[in-house]
Amino acid sequence: MLTDKDVLTGLLFIAIGAFFAIGAQDYAMGTMRRMGPGYFPVVLGSLLVIIGTVLAIKSVVRRLPEPIDRLHIRPVLGLTAAILVFAALVERAGLVAACIACVVVAGIASSETRWREAALIAVGMAAFSALVFKALLGLPFRLWVF
């Protein structure tokens, strides 16, 4: 049972959802009209628990286990590094530089990366992020440090 991909995915969803739903219990829930800081993580965590439960039960009832493929470490490390690079750079170098660096580092995760397309995606993501988070939402991100 624990070698079935869907069962393990369901259990992972349940664990992550429960972690956030339980962790947000210290925050005020509020109401649907006036949501408190605990509302969003509790609702999303609970939905993730429900989805994980359905996925795991469906896989057990189906009784056709789908074995787990081998772990591809390059994508895991590349995407983790991209997230860490973004987190490290967003305040030090600005939103635009952090977005571009994030896409470039994420490109390392695949051997099939086309760097010309990655450059276009990086510029587009940086422009979109600046437009949405700075111009439209007015969040206090610095776009550039230079």
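Quick caveat: nothing in here was measured; it's all calculated off a predicted structure.

Conventions used here
Residue numbers restart at each chain and count upward from 1, following the sequence in its written direction. The predicted nature of this model means local features are confined to residues of pLDDT at least 70 and side-chain atom pairs, given and counted, to a pLDDT of 80 or more, with totals for whole chains, interfaces and linings taken over all residues. To obtain the side-chain values, all non-hydrogen atoms of the structure were included, while hydrogens and water were left out. By convention a nonpolar core is built from buried Ala, Val, Leu, Ile, Met, Phe, Trp, Tyr and Cys residues, the set being connected through side-chain atoms within 4.5 Å. Only protein chains enter the accessibility calculation, which uses a 1.4 Å probe; a residue whose area is less than 20% of its type maximum is buried, one above 50% is exposed, and one in between is partly exposed. Under the DSSP-based scheme used, a helix requires at least four consecutive residues in state H or I and a strand at least two consecutive residues in state E, with every element numbered from the N terminus. The pairing test for Phe, Tyr and Trp rings, Trp by its six-membered ring, is centres within 6.5 Å, and the orientation test on the planes gives stacked under 30 degrees, edge-to-face over 60, and tilted for anything in between. For patch building, the residue pool is restricted to those with more than 30% relative accessible area and no salt bridge; the joining distance is 9 Å between like charges and 5 Å between nonpolar side chains (Val, Leu, Ile, Met, Phe, Trp, Tyr). Note on areas: these come from Shrake-Rupley sampling with a 1.4 Å probe, and a residue is covered only by the protein chains present in the view. A pair is scored as a salt bridge if a Lys or Arg side-chain nitrogen falls within 4 Å of a carboxyl oxygen belonging to Asp or Glu. Angles run from 0 to 180 degrees between N-to-C directions of axes, and those axes are lines fitted to C-alpha atoms, restricted for helices to the stretch in contact. Throughout, the term roughly parallel applies to angles under 35 degrees, roughly antiparallel to angles over 145, roughly perpendicular to angles from 65 to 115, and oblique to all others. Rotating anticlockwise by less than a right angle from the far helix to the near helix defines a left-handed crossing, while the corresponding clockwise rotation defines a right-handed one. For this analysis, residues touch if any pair of their heavy atoms sits within 4.5 Å.

1. A short note on the nonpolar core
Grouped together as the largest cluster of nonpolar side chains are six residues: Val 90, Leu 95, Val 96, Ala 98, Cys 99 and Ala 126. The element that contributes the greatest number of residues to this core is helix 4 (residues 95-107), accounting for four residues.

2. A closer look at the environment of Ile 73
With respect to the helices and strands, the residue Ile 73 is situated in helix 3 (residues 73-89). For Ile 73, a relative accessible area of 47% puts it in the partly exposed group. C-alpha of Ile 73 to C-alpha of Leu 95: the two residues are 22 residues apart in sequence and 28 Å apart in space.

3. Structural notes on the packing of aromatic side chains
Evaluated as defined, the whole model comprises two aromatic pairs. An angle of 85 degrees between the planes, with centres 5.2 Å apart, marks the rings of Phe 19 and Phe 20 as edge-to-face. The exposure class of Phe 19 is exposed, given its relative accessible area of 61%. For Phe 20, a relative accessible area of 46% translates into the label partly exposed.

4. Thoughts on a nonpolar patch on the surface
On the surface, a cluster of nonpolar side chains totalling about 550 Å² of accessible area is made up of Phe 40, Val 43, Leu 44, Leu 47, Ile 50 and Val 54. Assignment of secondary structure puts Phe 40 in helix 2 (residues 39-62).

5. Looking at the packing of helix 3 against helix 4
It is at 8 Å that the axes of helix 3 and helix 4 come closest, and there the two elements cross at 165 degrees. With respect to each other, helix 3 and helix 4 are oriented roughly antiparallel. The handedness of the crossing between helix 3 and helix 4 is right-handed. For the pair formed by helix 3 and helix 4, the contact residues are Gly 78, Leu 79, Ala 81, Ala 82, Val 85, Phe 86 and Leu 89 on the first element and Leu 95, Ala 98, Cys 99, Ala 101, Cys 102, Val 105 and Ala 106 on the second.

6. Focus on the environment of Ser 111
Looking at the element boundaries, Ser 111 is found in the loop between helix 4 and helix 5 (115-136). Separated by 37 residues in the primary sequence, Ser 111 and Arg 74 place their C-alpha atoms 9.1 Å from one another.

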